[in-house]
Amino acid sequence: MRSDVRYVRPSSLGEAVGFLSDHGPETKPLAGGTDLLISIRSGELKARYVMDVNRIPELKGIAMTGEGLSIGAGTTIAEIASSETVKRLAPVLRKSCLSFGSPQVRNAATIGGNIANASPSADTFPPLIVHETIAVLSGPDGERRIPVEEAAAGPYKSNVGSRELIVRFILKPSEGRFFEFLKIGRRKTLAIARVSMAVLAEKDMRGAVGFIRFCLGSSTPVPCRIVEVEDFLTGKILNEAVVAEGGRLAAEKMIEISGRRSTTVYKEPAVKGLFNRLLYPMVKND
Amino acid sequence: MTEKVGAIGSSIPRRGALDRLTGASMFSADFRLENPLALRAVRSPHSHARVLRIDTEEASRMPGVARIFTARDIPGKNLTGIINKDRPLLVEDKVRFVGDPVALVAAETEEAAERAAGAVNVLYEVLPAVYDPADALANEAPLIHEKGNLLFRRRVVRGDAASAFSSCAVVVEETYRTSFLEHCYLEPDAGAGWVDADGTLVIIASTQNPHYDHSEVAALLGVEDGRIRIIQAATGGGFGSKLDLNMQGFIGLALYHLQRPVRCVYSREETFIATSKRHALIMEMKTGAGKDGRLHAMKCRILCDTGAYGSYGIAVASRAAVHAGGPYEIEHVDTEVLCVYTNNPVAGAMRGFGTPQVAFAHESQMDLLAEKLGMDPFEIRRRNALRVGSVTATGQKLEASVGIGECLDAIKESYEKARSARSDRGDSPFTCRGVGIGAMWYGIGNTGMQNPSTAQVEIDLDGAVTLYTGCADIGQGSTTVLAQIAAGTLGLAPDEIRMIVADTKLTTNAGATSASRQTYISGNAVRDAAAKLVDVLLTEAVDLMKVPKNSLAVEGGFVVYKGDTDRRIAFSKLAARARRKGIPLRWQGYFDPVTSPLNPDTGHGEPYATYAYACHLAEVTVDITTGEVTVDRVVAAHDVGRAIHPEGVVGQICGGVAMGVGFALMEEFKPGVTASFKDYHIPTANDMPEVVPLIVESSEPTGPFGAKGVGEPALIPTAPAVLNALSDALGKRIYHLPANLERVLEAANKRG
Ligand SMILES: Cc1cc2nc3c(=O)[nH]c(=O)nc-3n(C[C@H](O)[C@H](O)[C@H](O)COP(=O)(O)OP(=O)(O)OC[C@H]3O[C@@H](n4cnc5c(N)ncnc54)[C@H](O)[C@@H]3O)c2cc1C
């Protein structure tokens, strides 16, 4: 019951991890609360402690470091959307943040919460994946680094241990490349993505695809990079037929991973369609 | 009588707008009561089950619990419903839908109430349930109510449709389906109450019909009328759902037994599970026309799923039957609507009472006919549009104010422009554009039923005028409009009229805020009361001024001589004079629209005294690769008779378009699945098209200053227009609402 939940608010990472090492399994970290409060209210959440992570300085901030572009797990979606650094080095992440929820949600929701919640339709997942992001976790045994796609085990199942926190994300910066993030929702805003996609790409001197990272969201248990599509397109000059074949491959791969379900009737053509739209600017610019 | 300039047809600041903006308005949940108990219903998790035992023992002993009520505690008649009484306040024998209340907890806090509600032990014997109205009519179907699963049947027959089809050049026959919808008013249902010093049970409620609430609560409790008082609080929308008794009965029951202040505030989830929905309709429609596009015959069979209880089901079925042909003259009509019980949630009133659903069908049919005839969709509508002198399917001859032709003409230029512009695909190879028209008619007031309104206008000795009306303003602006009508009649400025509104102790019955009836019907009652007072004032002035009554007028708080406006006498003086003579200063107004009951076999009669008309033009862009739809623009022409408050009309139109876009593209309440806004989508500001409202004023002779109504009409043409535009864009039609991503993409992929 709601009043049985106890609230703690550590002011450093050390303090937080200390608390988690004692009480981790009965504790839920609280960042923006835009997912957590819903499950608290519905009674789904049975945690004894709610640990507010908003006063932990180590979880904050956006900076270019020697390791790459570092984004604190406690950074809000609004902060990312308005960051000049992100705009320059990870514009595809920025784009996903601009279409995320509503202004109110963006002001509260954090990127760490988005990943830890492990929704298949988490909007920041595909951009982080195409940036080959490393999630930095901290726990009683110290720091652990995992590729961001490994942060989720399945729909709403996190691989972040109950005694761990996500501290930050390290993205491979990508400046000047073609990028796009698209999502389909049941309405124009404030809608969970039915299908989403992120891409980073670059043409070589011949005008063929020299570099490409493609991630499909909302269609598989965990958003995933589809290497088959990347491999197929690499080295090819993009035209409508090639892109259509890429879309077909993406849909095929989705069905391979998720199996055929009632939603596949829509998602199969929608993935193909959205893929065409995703890469169309690269075709058109020839 | 002169009209005070500015009173009628002017968009004066809305009554209470500042309070809303500053947060000063008191909604039901805002009342600070002394130590109130919180009420929480225990609701059935089963859609059909016998209640074998309700064990409240353990729950009653939980901390903070004051009492737990069951059906046995209801002292009066445990059966409610505005049209047919079939719904218990608390279920006694069996539950009929998921959400049916079986017990009511009163506790010191919301949390204690919630906890105890979870601890009430109900032993159910689950019964077979039925969720499809066609299945519910089958012989072997589980019986939901003793009298059978068919609640009501309405036929409307004119001419001989069966044989008329053979002489038609073209005939189209299709089946259309719509889904259950949730109203999604901003303010979840809420109420509060206390017992006055004199023993009156006072109930504050978010409601559309305080006088109905009053009689229902009195009957439930078996108390005299005078012991109940319902006061409508500021109400954050209703759209029909707050016409039912939602929490009012719970509050009454608790007050009766506990004599302590109580509150009952629904969560959004509770409004979703417990309150009524828009009826899902299955409509088989066959329409035939001649070579010239003239409609000859229409045959229609409609199944109307009213869910577990009647609520407004009979009204929805009746209205759907009357309106099934659309705003067109059709000589041969054969319509049958069956309103059927199922174990789905209760379907009740929702903006339009079945008309939005049938408009989707008849407007799709019009486009299909036009296509077969090679005729323009505009042209076929213009040719068939009702006009003065037309006879409707119920045999009613329309005498005046038939503005559908004018509405069509009003959008014509925009339509032609849009048609010629739609072929350019814009800048994406993945989209295509379409243009569509939707038209509608809508009878003002209840269908073939007496539905009078009353009002009082009173002048005091210093000349101040007070209007008493039972009419609930739920955000649509009736309080402002009624003040304008009183002011317009009395020659005053609207803000000079004091208003006492929607309080059953102080005001008399104005009927429901539904059926787009308050401007026309209550407006007329107000005008009647005000006109009687004006007559008294003029009569007194005749004696003093020694001029004929018809040379006098009211203006600015004076009776003035029209020949020389400097000759004037203040209202206050005339009021004092009347009082001395024993003439009342408070006058009663009454109006009941002229209607006649519909013949049970043929549907013949005069269901309404007047009709509103409208048509919308929608322009859409469809992404054919993903099924995403953008409604770019809606041009909305509405014949309102006379716009008493033009901004109010525009507000209704814009809100109606928003609701229509939701109905067309995304809204669907799936019983047993949909729980909250998490899985029910209504349009956001970003989904809104540009709206161009066009007010058409085809004056209604029996209306107050010529006015009719617009509340429901605003919504009705949008979805048909959007669906016709989609079909124009895709070359493929969608017959099932909502036209969501899946249905649009499927249609896009099937197109030739
Ligand atoms: C109206 C609305 C609209 C939404 N729209 C979108 C949308 O468009 N796109 C989208 O992707 N999502 C959307 N969401 C979902 C939600 O906002 C996001 O998932 C958000 O990023 C969650 O972040 P938060 O900071 O609010 O997380 P919280 O709710 O605070 O936490 C979410 C989960 O993550 C855990 N957690 C939080 N921080 C950490 C950490 N540092 N380390 C380990 N675990 C942690 C929590 O314990 C919890 O399990 C929406 C939600 C709402 C209510």
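Residue positions are given per chain, counted from 1 along the sequence in the order it is written. Chain letters and ligand numbers both follow the written order, the letters beginning at A and the numbers at 1. Local features in this predicted model are restricted to residues of pLDDT 70 or higher, and side-chain atom pairs are both shown and tallied only at a pLDDT of 80 or more, whereas totals for entire chains, interfaces and linings draw on every residue. Side-chain metrics rest on all non-hydrogen atoms present in the structure, leaving aside hydrogens and water.

**Thoughts on the interface of chain B and chain A**
Interface size is commonly expressed as the accessible area that is lost once the parts come together. Listed per partner, the contact involves 25 residues of chain B and 22 residues of chain A. Here the quantity called buried area is the accessible surface, traced with a 1.4 Å probe, that two parts lose on coming together, added over both. Together, the buried faces of chain B and chain A total about 2,200 Å²; carbon and sulfur atoms form 56% of this surface. Considering only the surface of chain B that becomes buried against chain A, B:F430, B:H681 and B:L741 emerge as the three largest contributors, covering 21% of it. What makes a salt bridge here is a side-chain nitrogen of Lys or Arg within 4 Å of a carboxyl oxygen of Asp or Glu, nothing more. The tally of links from chain B across to chain A stands at five salt bridges. Across the pair B:E742 and A:R194 runs a salt bridge whose closest N-O atoms are separated by 2.5 Å. We call two N or O atoms a polar contact when they sit within 3.5 Å, provided that within protein one can donate a hydrogen and the other can accept it, with sequence-adjacent residues counted only if both atoms are side-chain atoms. Applying the counting criterion to the chain B and chain A interface returns 10 residue pairs in polar contact (both at pLDDT 80 or more). Secondary structure elements follow DSSP: runs of H or I no shorter than four residues count as helices, runs of E no shorter than two count as strands, and numbering proceeds from the N terminus. Of all the elements in the fold, those that place two or more residues in the side of chain B that touches chain A are helix 3 (110-119), strand 25 (629-639) and helix 18 (741-750) of chain B. Here, two residues are considered to be in contact whenever any of their heavy atoms come within 4.5 Å of each other.

**Digging into the sheet that holds strand 10 (residues 165-171) of chain A**
Residues and elements named next belong to chain A. Read across the open sheet, the five strands follow the order 4-5-10-6-7; overall the sheet is antiparallel. This sheet does not close on itself; its edge strands, each paired only once, are strand 4 (62-65) and strand 7 (142-147). Between one strand axis and the next, the sheet turns through 25° on average, direction left out of account. By the bridge criterion, four bridges tie strand 5 (residues 68-72) to strand 10 in an arrangement that is antiparallel. Within strand 10, the position partnered with G72 by the bridge is R168. Contacting strand 6 (134-139) and strand 10, helix 1 (residues 13-23) crosses the sheet at an angle of about 130° to strand 10. For two strands to count as paired, DSSP must find a minimum of two bridges between them. As a rule, the C-alpha atoms of each element are fitted with a line to give its axis, helices using only the stretch in contact, and angles between N-to-C directions run from 0 to 180 degrees.

**Remarks on the pairing of strand 17 (residues 453-459) of chain B**
All names here are of chain B. Only protein chains enter the accessibility calculation, which uses a 1.4 Å probe. A residue is then buried if its area is under 20% of the maximum for its type, exposed if over 50%, and partly exposed in between. Counting buried positions over the seven residues of strand 17 gives six, a clear majority of the element. Relative to strand 23 (residues 586-591), strand 17 runs antiparallel, the two being bridged by six bridges. Bridge assignment links E458 to a residue of strand 23, and that residue is R586. Here strand 17 pairs with strand 18 (residues 465-469) via five bridges, running antiparallel. Of the residues in strand 18, the one forming a bridge with Q456 is Y468. Where strand 17 folds back onto strand 18 in an antiparallel hairpin, the turn is made up of five residues, including G463, whose phi is positive at roughly 90°.

**Considering the sheet that holds strand 25 of chain B**
Residues and elements named next belong to chain B. Strand order in the open sheet formed by four strands is 16-24-25-26, with mixed pairing between adjacent strands. Each edge of the sheet is formed by a strand with only one pairing partner; in this case those strands are strand 16 (431-443) and strand 26 (690-696). Neighbour to neighbour, the strand axes of the sheet diverge by 15° on average, direction disregarded.

**Points about the packing of aromatic side chains**
Residues and elements named next belong to chain B. Here is the rule: rings of Phe, Tyr and Trp (six-membered ring for Trp) pair when centre to centre is within 6.5 Å. Planes less than 30 degrees apart are stacked, more than 60 are edge-to-face, and the remainder are tilted. Summed over the entire model, instances satisfying the criterion amount to 15 aromatic pairs over all chains. Ring centres 5.4 Å apart and planes at 55° place the aromatic pair Y176 and Y735 in the tilted group. Placement of the pair is Y176 in strand 8 (residues 170-177) and Y735 in the loop between helix 17 (718-730) and helix 18, with a sequence separation of 559 residues. Residue classification places Y176 among the buried positions, given a relative accessible area of 0%.

**Quick word on the domain arrangement of chain B**
All names here are of chain B. These domain limits were set by an automatic method or by a database of domain assignments. Entries for chain B in the domain assignment read domain 1 (17-25 + 452-591), domain 2 (31-128 + 184-274) and domain 3 (280-447 + 598-751). Domain 2 and domain 3 are separated by 36 Å when their C-alpha centres are compared. Between domain 2 and domain 3, the contact holds 24 residues from the first and 25 residues from the second. Approximately 2,000 Å² of surface area, both sides summed, lies buried where domain 2 meets domain 3, with 65% of it carried by carbon and sulfur atoms. For domain 2, the biggest contributors to the area lost against domain 3 are I83, F239 and F272; these three give 31% of the whole. Applying the counting criterion to the domain 2 and domain 3 interface returns zero salt bridges. The interface formed by domain 2 and domain 3 includes nine residue pairs in polar contact (both at pLDDT 80 or more). Among the elements that take part in the side of domain 2 that touches domain 3, helix 8 (residues 268-274) stands out by supplying three residues, more than any other. Here the side of domain 2 that touches domain 3 is composed, by residue class, of 10 nonpolar, six polar and eight charged. Lys, Arg, Asp and Glu make up the charged group, whereas Ala, Val, Leu, Ile, Met, Phe, Trp, Tyr, Cys and Pro make up the nonpolar group; the residues left over, Gly among them, are polar.

**Brief notes about the domain arrangement of chain A**
All names here are of chain A. What the domain assignment reports for chain A is domain 1 (6-52), domain 2 (57-171) and domain 3 (178-284). Measuring from the centre of the C-alpha atoms in domain 2 to the corresponding centre in domain 3 gives 22 Å. Buried surface at the junction of domain 2 and domain 3, both sides included, amounts to about 1,900 Å², of which 68% is carbon and sulfur. On the domain 2 side of the contact with domain 3, K95, P126 and V130 bury the most area, a combined 27% of that side's loss. The interface formed by domain 2 and domain 3 contains three salt bridges. A salt bridge links K95 to E180, with the shortest nitrogen-to-oxygen separation between them at 2.5 Å. Run the count over domain 2 and domain 3 and you get seven residue pairs in polar contact (both at pLDDT 80 or more). Among the secondary structure elements, those contributing two or more residues to the side of domain 2 that touches domain 3 are helix 5 (91-98), helix 8 (125-130) and strand 8 (152-154). Here the element with the most residues in the side of domain 2 that touches domain 3 is helix 8; it accounts for five residues.

**A closer look at the environment of A:I212**
Residue and element names in this part refer to chain A. Residue placement: I212 occurs in strand 13 (residues 209-217). Residue class for I212 comes out buried when judged on its relative accessible area of 3%. Residues in contact with I212, not counting those within four places in the same chain, are V199, L200, A201, E230, L233 and T234.

**Re the pattern of salt bridges**
A side chain of one charge can pair with a side chain of the opposite charge if their charged atoms are brought near each other. All names here are of chain B. The full count for this structure, using the stated rule, is 60 salt bridges over all chains. In this structure, the salt-bridge partner of D73 is R67, at a minimum N-O distance of 2.9 Å. Taking the relative accessible area as the measure of exposure, D73 reaches 17% and is therefore buried. Here R381 ties to E363 by a salt bridge, and the two come within 2.7 Å at their closest N and O atoms. Pair noted here: R381 is in helix 11 (residues 377-384) and E363 is in helix 10 (residues 355-373), with a separation of 18 residues, a long-range link. Given the relative accessible area of 0%, R381 is considered buried. Sharing partners across several salt bridges, the network here consists of R153, R155, R301, D334 and E336.

**Thoughts on the pairing of strand 4 of chain A**
All names here are of chain A. As judged from the four bridges shared by strand 4 and strand 5, these two strands associate in the antiparallel manner. When the bridges of strand 5 are listed, A63 appears paired with S70. The hairpin turn running from strand 4 into strand 5, its antiparallel successor, is two residues long.

**Quick look at the state of the cysteines**
All names here are of chain B. The term disulfide is used for any two cysteine sulfur atoms that are within 2.5 Å. Enumeration over the complete set of coordinates arrives at zero disulfides over all chains. The thiol of C264 is not disulfide-bonded; the next cysteine sulfur, from C184, is found 19 Å away. Left without a disulfide partner, C304 is nearest to the cysteine sulfur of C339, which lies 4.2 Å away.

**Focus: the site of the ligand**
All names here are of chain A. One heavy atom suffices: a residue is near a molecule or strand as soon as one of its heavy atoms comes within 4 Å of it. If you check the shell around the ligand, you find 28 residues, and the closest are P29, T34, D35, L36 and T110. Measuring from an oxygen atom of the ligand, one finds a backbone N or O atom of P29 at 2.5 Å. Note on areas: Shrake-Rupley with a 1.4 Å probe; residue coverage comes only from the protein chains shown. Protein coverage of the free-state accessible area of the ligand, which is 970 Å², stands at 87%. Listed by contribution, the elements that provide at least two residues to the shell around the ligand are strand 2 (27-30), helix 2 (36-41), helix 7 (111-117) and strand 10. Grouping the constituent residues of the shell around the ligand by class yields 15 nonpolar, nine polar and four charged. Looking at which domains feed residues into the shell around the ligand, each of domain 1 (6-52) and domain 2 (57-171) supplies at least three.

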